[in-house]
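Below, each chain spelled out in residue letters.
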Amino acid sequence: MVLELHVWGPAFSLPSIEAQCLATIAYFSLAVPKDAWVLVASSDPSVSPTCELPALRNGSTWVSRFRNIVDYLRQYSNGEWDLDAGLSGLQRADNIGFSSFVESRAHALVDLSLYVTSQNYYNQTSPAYGSILQWPNQWILPPKIHAAAKARTDHLGLSSLDLQAIEDQRQREHSAAVAAGQIPPNFIRRPRDTVTSLLGKTSQQNQFRLDALTGELFEPLEEILGDKVYLLTGENEGPSSLDCLAVGYLSLALVPELSFSWLRDAMKSKAPRLTVYTERMRQQCYGLGAEVSHAYTPTPNSGSSLPWRAPERARLTTLGNTLFNVLADNTPILKDIRAQDRLRVAAESPDSGLSEPDSRKLSALAKGQKKDILVNIAYAVGGIAALIGYMTYEGFFSAEIGDEYEEDDEFEPMPDIEPDSLQVQNMLAGL
């Protein structure tokens, strides 16, 4: 059976816009025979039960995340597709440690470069997502990915790279000052800051922090590489899974042509050997370049060295589920319930990385918070029902109906009847 590797689609002349997907593609291209797998740019996390990409499908079995897929391939092939099989004990330990280092440091820098830096996101990253996503995901997913990247890097103190957020904050502060009467009327109107002026204000304060962050990633990797062909091994030993992970992240730092290319400039200046290594590994794993047409209309003579297969068109049920999920995630109470369900599933997953006691505690916490939400809803519904029942018992509704009836039902007086002369005579005779 042919393995299916589902990933985010191509962007920036790379076969995927996401680093973990690029790392997994690199591993497949180096370890798995070309006729044993196909590459599918589904660009939709919902295709996988875990709602994550990259995702490997083998019949009814799904495996997601780079490290889990590598472990599955090792077991599935009985060690034949294991790039780390020849590593020594010390090299295996270095492989684990350096992999964690690359993921933690490089992921944050890629987030800052492609998503937090507003010129890059609005000019390059967002249009790239628009070219690989189907409706309605092209309007739903990019803002969610953008917001998640900003949240992951908020602790780094570089939110000033997001010029739109700066301008929005300035407008809020200005409006609050006007409402409080702190600004004279003749100073209320002021020109909107331009991108150039905002860049001038933030470039100096960002530069020192960015120099420190890029140095913490590139300089150690430059030293680890040294004069070797690969990060851990020489030419005769071949690449390891660490090389696949590194080329996935470093390609997104080096290759994209961005409006504000501070990450690529830092890599070229601080790690020239690492730059040459990344370009060589990129060509070895991905070929000369990847286009969107390679993924969605693959042909035998497309020029791509990767085994692309066109993704299936979205079904009506899939579109309906997507719209329902968006609506549910934006409904206040339902949003909280779904968040607790996702937290519980993540805690109970064997891939959570948590110890068994921590997993149980987090799962119990999620269940308890969900129960509290449901109890509060039950109290609110019960209170409203009791109020309606009390008002009905006291006759509020019947009194209102009676009042309306009295106001609307006006009795007309009996018309005056003039008696005829015979009736008058009989009446007089009786008297």
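Computed from a predicted model, the values in this text were never measured in an experiment.

1. Considerations on the overall build of the chain
Reasoning step 1: Helix and strand counts for the chain come out as 16 helices and five strands.
Reasoning step 2: Looking at the chain as a whole, 41% of its 431 residues qualify as buried.
Reasoning step 3: By sequence separation, contacts in the chain at least 24 residues apart represent 70% of the contacts at least 6 residues apart.
Reasoning step 4: Element-wise, carbon and sulfur atoms account for 57% of the exposed surface of the chain, whose accessible area totals about 24,500 Å².

2. With respect to the side chain of His146
Reasoning step 1: Its place among the elements puts His146 in helix H5 (residues 137-152).
Reasoning step 2: Among the polar contacts made by the side chain of His146, one reaches the main-chain carbonyl oxygen of Tyr115 at a distance of 3.1 Å.
Reasoning step 3: Discounting chain neighbours no more than four positions away, the residues touching His146 are Tyr115, Tyr121 and Tyr122.

3. Quick look at the confidence of the model for the chain
Reasoning step 1: When pLDDT is averaged along the chain, the result is 78, and 71% of the positions lie at 70 or above.
Reasoning step 2: Every residue in residues 188-202 is under pLDDT 50, and counting partners more than four places away or in other chains gives 22 contacts.

4. Remarks on the packing of helix H1 (residues 19-31) against helix H2 (residues 66-76)
Reasoning step 1: Two numbers describe how H1 lies on H2: the axes approach to 9 Å, and their chain directions differ by 20°. Relative to H2, H1 is oriented roughly parallel. The interaxial crossing formed by H1 with H2 has right-handed handedness. In this structure, H1 contributes Gln20, Ala23, Thr24, Tyr27 and Phe28 to the contact, and H2 contributes Phe66, Ile69, Val70 and Leu73.

5. Topic: the pattern of salt bridges
Reasoning step 1: Scanning all chains against the criterion turns up eleven salt bridges.
Reasoning step 2: Between Asp71 and Arg74 there is a salt bridge, with the nearest N and O atoms lying 2.8 Å from each other. Here the residue Asp71 and the residue Arg74 both occupy positions in helix H2, the gap between them amounting to three residues, near one helical turn.
Reasoning step 3: Relative accessible area serves as the criterion here: at 27%, Asp71 is assigned to the partly exposed category.
Reasoning step 4: With a relative accessible area of 24%, Arg74 lands in the partly exposed category.

6. Let's talk about the sheet that holds strand E2 (residues 37-40)
Reasoning step 1: Read from one edge to the other, the open sheet built from five strands follows the order E4-E3-E1-E2-E5, with strand pairing classed as mixed. At either margin of the open sheet sits one strand with a lone partner, and together these are strand E4 (61-64) and strand E5 (308-309).
Reasoning step 2: Relative to E2, strand E1 (residues 3-6) is paired through four bridges, and the arrangement is parallel. Each residue of the ladder has a partner; that of His6, found in E2, is Val40.

7. Description of the pairing of E2
Reasoning step 1: With burial as the criterion, each face of E2 is covered, one bearing Trp37 and Leu39 and the other bearing Val38 and Val40.
Reasoning step 2: In terms of handedness, the path from E1 via H1 over to E2 forms a crossover that is right-handed.
Reasoning step 3: As judged from the two bridges shared by E2 and E5, these two strands associate in the parallel manner. What sits directly across from Leu39, in E5, is Trp308.

8. Considerations on the packing of helix H9 (residues 262-270) against helix H10 (residues 272-286)
Reasoning step 1: Contact geometry of H9 with H10 gives a least axis separation of 5 Å together with a crossing angle of 115°. Between H9 and H10, the angle is such that the two are roughly perpendicular. Facing Met267, Lys268, Ser269 and Lys270 of H9, the residues of H10 in contact are Pro272, Leu274, Thr275 and Thr278.
Reasoning step 2: Looking at the contact of H9 with H10, its residues break down into three nonpolar, three polar and two charged.

9. Points about the side chain of Arg282
Reasoning step 1: Note on placement: Arg282 falls in helix H10.
Reasoning step 2: A polar contact of 2.6 Å, which involves the side chain of Arg282, links it to the side chain of Glu279.
Reasoning step 3: With residues near it in sequence (within four places) discarded, Arg282 still touches Ser13, Leu14, Val247, Ser251, Val255, Gly287 and Leu288.

How each quantity is defined
Residues numbered from 1 in each chain as written. Predicted model: local features only at pLDDT ≥ 70, side-chain atom pairs only at ≥ 80, totals over all residues. Heavy atoms only, no water. Helix = DSSP H or I, 4+ residues; strand = E, 2+ residues; numbered from the N terminus. Buried < 20%, exposed > 50% of the residue type's maximum accessible area, 1.4 Å probe, protein only. Contact = heavy atoms within 4.5 Å. Areas by Shrake-Rupley, 256 points an atom, 1.4 Å probe, with all protein chains shown as cover. Polar contact = N/O pair within 3.5 Å; in protein donor to acceptor, adjacent residues only side chain to side chain. pLDDT = per-residue confidence, 0-100. Axes fitted to C-alpha atoms, helices over the stretch in contact; angles between N-to-C directions. Parallel < 35°, antiparallel > 145°, perpendicular 65-115°, else oblique. Left-handed = near helix turned anticlockwise from the far one by under 90°. Salt bridge = Lys/Arg side-chain N within 4 Å of Asp/Glu carboxyl O. Pairing = 2+ DSSP bridges. Right-handed = clockwise from strand over helix to strand, strands pointing away. Nonpolar A, V, L, I, M, F, W, Y, C, P; charged D, E, K, R; others polar.

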